Amino acid sequence: MTLWFIESNALQYMQGILDALYKVLRDDDAAIKNEAYFCLELMGKLHNPDNYIPLLLTKSDKGSLEIQEQAADDSEVEHREIRRRTLTIFSTTANTTKVNILIAFRYLLMGSSVLSEEQACIITQAVTSNDVVDSEAPEQLMALAQLIEVFQELLLRFGHIKKYEDTASGYEGETPLDFYLFFTLLDIQTCVDVKVTAEAQRVLDKLNACLTGSTTGLYTKHFLRSIADIKNVPLPVLKMLIKHGGPMLTKYTSNIVDIFLSYLHNVRYDVDARGQLAYLTTLNDFILESTQLGVSISAKQLEQIIVVIIVPNGRWHVGGAAHLFRKASLGCLSALLVQNLLPERLWCPDVDVETEEGRKEAGQAKELLTSVVDTWKNALDADDAELRAVVVKMAPFTMRLPMGTNEAADCMKELLLRLDDSNDILRTLAVESLHVVFADHHAGKLTKEVSQAFTPDALKDWTATLLLHMDDPNIELKEAACACLQKVSEINKDIVSSLARDVRSKHMTTRYIDRLLA
C-alpha cells in the first residue's frame, strides 16, 4: 500500500525496494510472489523507464541499436554484428540473480505507460546481448523468453514496431528491433530443455503473427540478415532458417553452404568438437532434403564440400570423435551420390586440354574423382558395421562415376570381399549392391571405362565367388546370390551355366543351381 501513497517519491528508494523484491520473487508462497509482482507492475506504472533502466542495465555509449541498411536490390545486407556485446548488469551477475532481474524487469515493463525509441533500443540491446542469451541455464532462458513476450507487446503498443494490418503491404520496419528479438528467440532454442524451446517458439510464433500475419514471415524478412555473419550463426538458428526459409533459402543457398564450410573447414579431433559434429549432421540432413527444399548447390560448392569436408573427415583417424566425423562425412557423400547431385562436369569439365590451364583443370577433376572413390573404397572395411552398411549401399552409385577401368576392377574386388563380412546382414547387402551393379552394366548405365572392367575372366571370378556364397546356410544370402547370378547370366549365360554345372554336386541343395540352369 505504501507505493500507492508515495507514488513517484519512491524513486529515491527504488534500489532498495528492488533489492527487497528480488529476494521474494521465487518464494515458495504464491501469495507473496503475487504481491511482489503487483508491486513491480505498480512501480512500472508510476515511474518512467529512465528511472529504473539504470538500475537494471548499464547504458551503452550510443544508447541505440546500430541500424542496418538493406541494399535497394535486396541482394546484399550490411550486417556489422548481430548482437553487440554491451556491458550490462548481466555481465558479472550470478545466474540466480539474473533470473530475478529478468522477472522483475518483465513486470516493470508490464506496468509501463511510456516507452521512447531510445529506451526501446537500450532495452533491446541489453536483453539480446550475449551476456544474457549465451547461457545453459534453462530457468534464465525461460525468464528471458517471457520478458521478450512482454517487451514486444510494449513495442507494438508504442509503435516502435508495427502490426501487419497497420501497413498497406505487409510489415516493413525501419529499425532492426524486431530482428534482434527474432534472432534471440531462435538462439534461445539452443537450450536442451524442451519447455524452454517450446516457450521460445510460442513467443516467436506470436511475434511472427503480429508483424507478418503468418508463422514464417520473419524467417523470410530476416533471412539474409540472420546469416550475414557466417561465422556466428548458431545451429538452431540455421536449422530454423533452413526449415522455414522458403524462397529465400533457394535464393541464398550458396550463403548457407558457406556457413557449413566456415564451421567445418578445419576440424580438430583432440578437442571438444561436438558443435562441429552437429553442423556436419545438419549438412547431411540439408543435402538429403535438398530436393524437397528446392535448393540447388553449385558445382563449385559441391567441390568445396568434397575437398574441405568429406574427404578430410572421411579418412580414418584415431579416436572416437574422428570415427563419428567419418560416419557423418560418408553420410554426406552417400546423400550426394544417391540423389545424383554430383554433376558430370565435376569430373569431366568442358575444357580445352590443349591449353595449360585446361590440362590443369582436367587434372584437378581427376584427382577429385580419385579422392572420392578412395574415400568410399577405404571405408568398406571399417570397424563399425553401421558405417560399412552405409558404404556398401553406396556401391552402385559409386560405380556409376566415370572412374578408370583399373579403379572399377579394384572397387568390385573390395565389394566382393564384403561377402566374407562377419555380419550376415552386411553380406546380403553386398550381394544386393552387386546385383544393382550388374543390372546397370547390362542396361548400359555404366561408363565405357567402367564397363571394360567386366571382362570374361573377371566375370568368371565374380561368378565363382557368388556361387560359393549361394551355398551359405543363410537363406536370405542364398536368395540374394541366386538373383544376382541370374542377372550375371543375362550378361554372359555361358559362364554362369558352365560354373554352375561344375559345382552342382557340391552344393547342399541343387534348387538354386537348377534355377540358374533353367
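All of the points below concern the structure found in this document. By convention here, each chain's residues receive numbers from 1 onward along its written sequence. It should be noted that, the model being predicted, local features are given only for residues of pLDDT at least 70 and side-chain atom pairs only at 80 or more, the latter also being counted only at that level, while totals for whole chains, interfaces and linings use all residues. In computing side-chain properties, one takes all heavy atoms of the structure into account and sets aside hydrogens as well as water.

**Comments concerning the overall build of the protein**
Argument step 1. Numbering of helices and strands runs from the N terminus; a helix is a DSSP stretch of H or I covering at least four residues, while a strand is a stretch of E covering at least two. Looking only at helices and strands, the protein has 28 helices and zero strands in total.
Argument step 2. Type-normalised accessible area, obtained with a 1.4 Å probe on protein chains alone, sets the label of each residue: buried when under 20%, exposed when over 50%, and partly exposed for intermediate values. Here the protein holds 518 residues, and the buried ones make up 51% of them.
Argument step 3. Here a residue-residue contact requires only that any non-hydrogen atoms of the pair lie within 4.5 Å. In the protein, of all internal contacts separated by at least 6 residues, the share reaching a separation of at least 24 is 72%.
Argument step 4. The protein chains shown are the only cover counted for residues, whose accessible areas, like all others here, come from Shrake-Rupley with a 1.4 Å probe. A total accessible area of about 24,500 Å² is found for the protein, and carbon and sulfur atoms account for 50% of it.

**Notes on unusual backbone geometry**
Argument step 1. Its identity as a non-glycine residue notwithstanding, asparagine 340 has a phi of 55°, on the positive side.
Argument step 2. Structurally, asparagine 340 is set in the loop between helix 19 (320-338) and helix 20 (356-378).
Argument step 3. On the basis of relative accessible area, asparagine 340 is assigned to the exposed category, the value being 64%.

**Re helix 19**
Argument step 1. Between the first and last C-alpha of helix 19 there are 27 Å, a value that for 19 residues agrees with the 27 Å anticipated at 1.5 Å per step.
Argument step 2. At the exit of helix 19 stands asparagine 340, carrying a positive phi of roughly 55°. Multiplying 1.5 Å by the residue count of a helix minus one yields the expected span of that helix.

**Notes on the pattern of salt bridges**
Argument step 1. Salt bridge, as used here, is a side-chain nitrogen of Lys or Arg placed within 4 Å of a carboxyl oxygen of Asp or Glu. The tally for this structure, following the rule as stated, stands at 17 salt bridges.
Argument step 2. With its nearest N and O atoms 2.9 Å apart, the salt bridge here joins glutamate 386 to lysine 327. In this pair, glutamate 386 sits in helix 21 (residues 385-399) while lysine 327 sits in helix 19, placing the two residues 59 residues apart along the sequence.
Argument step 3. A salt bridge links glutamate 490 to lysine 487; the nearest nitrogen and oxygen atoms lie 3.1 Å apart.

**Remarks on the packing of aromatic side chains**
Argument step 1. Only centres within 6.5 Å qualify two rings of Phe, Tyr or Trp (six-membered ring in Trp) as a pair; their planes then separate them into stacked at under 30 degrees, edge-to-face at over 60, and tilted for everything else. One pass over the structure, following the stated rule, counts eleven aromatic pairs.
Argument step 2. Centre to centre, the rings of phenylalanine 179 and phenylalanine 183 are 5.9 Å apart; their planes meet at 55°, and the pair counts as tilted. Within this pair, phenylalanine 179 and its partner phenylalanine 183 are both found in helix 9 (residues 177-188), separated by four residues, close to a single helical turn. A single burial state applies to phenylalanine 179 and to phenylalanine 183, both of which are buried.
Argument step 3. An aromatic cluster of three or more residues is present, and its members are Phe179, Tyr180 and Phe183.
Argument step 4. Two limits define a charge over a ring: the Lys NZ or Arg CZ must be within 6 Å of the ring centre, and within 35 degrees of the ring normal. Above the plane of the ring of phenylalanine 179 lies arginine 225, whose end atom (NZ or CZ) is 5.5 Å from the centre.

**Observations regarding the nonpolar core**
Argument step 1. Counting 158 residues, the largest nonpolar core has Ile256, Leu283, Phe286, Phe438 and Phe454 as its most contacted members.
Argument step 2. Per element, the largest residue contribution to this core is eleven residues, and it comes from helix 8 (residues 138-157).
Argument step 3. If sequence neighbours within four positions are ignored, phenylalanine 454 has contacts with Met412, Val437, Phe438, His441, Leu446, Leu459 and Trp462. Throughout, nonpolar core names a set of buried Ala, Val, Leu, Ile, Met, Phe, Trp, Tyr and Cys residues whose side chains join them through atoms within 4.5 Å.

**Regarding the packing of helix 25 (residues 456-469) against helix 27 (residues 493-503)**
Argument step 1. Structural elements are reduced to axes, namely lines fitted to C-alpha atoms, with helices fitted over the stretch in contact, and the angle between N-to-C directions of any two is expressed from 0 to 180 degrees. Contact geometry for helix 25 and helix 27: axes closest at 10 Å, N-to-C directions at 40°. Comparing the axis directions of helix 25 and helix 27 gives the class oblique. Like other packed secondary-structure pairs, helix 25 and helix 27 cross with a definite hand, here right-handed. Contacts between helix 25 and helix 27 involve Pro456, Leu459, Lys460, Thr463, Ala464 and Leu467 from the former and Ile495, Val496, Leu499, Ala500 and Val503 from the latter.
Argument step 2. Here the contact of helix 25 with helix 27 is built from residues that sort into nine nonpolar, one polar and one charged. Relative orientations are named as follows: roughly parallel for angles under 35 degrees, roughly antiparallel for angles over 145 degrees, roughly perpendicular for angles from 65 to 115 degrees, and oblique for any other angle. By the definition used in this description, the sense in which the near helix is turned from the far one sets the handedness, with an anticlockwise turn below a right angle giving left-handed and a clockwise turn giving right-handed. Each residue receives one of three labels: charged for Asp, Glu, Lys and Arg, nonpolar for Ala, Val, Leu, Ile, Met, Phe, Trp, Tyr, Cys and Pro, and polar for the others, Gly being one of them.

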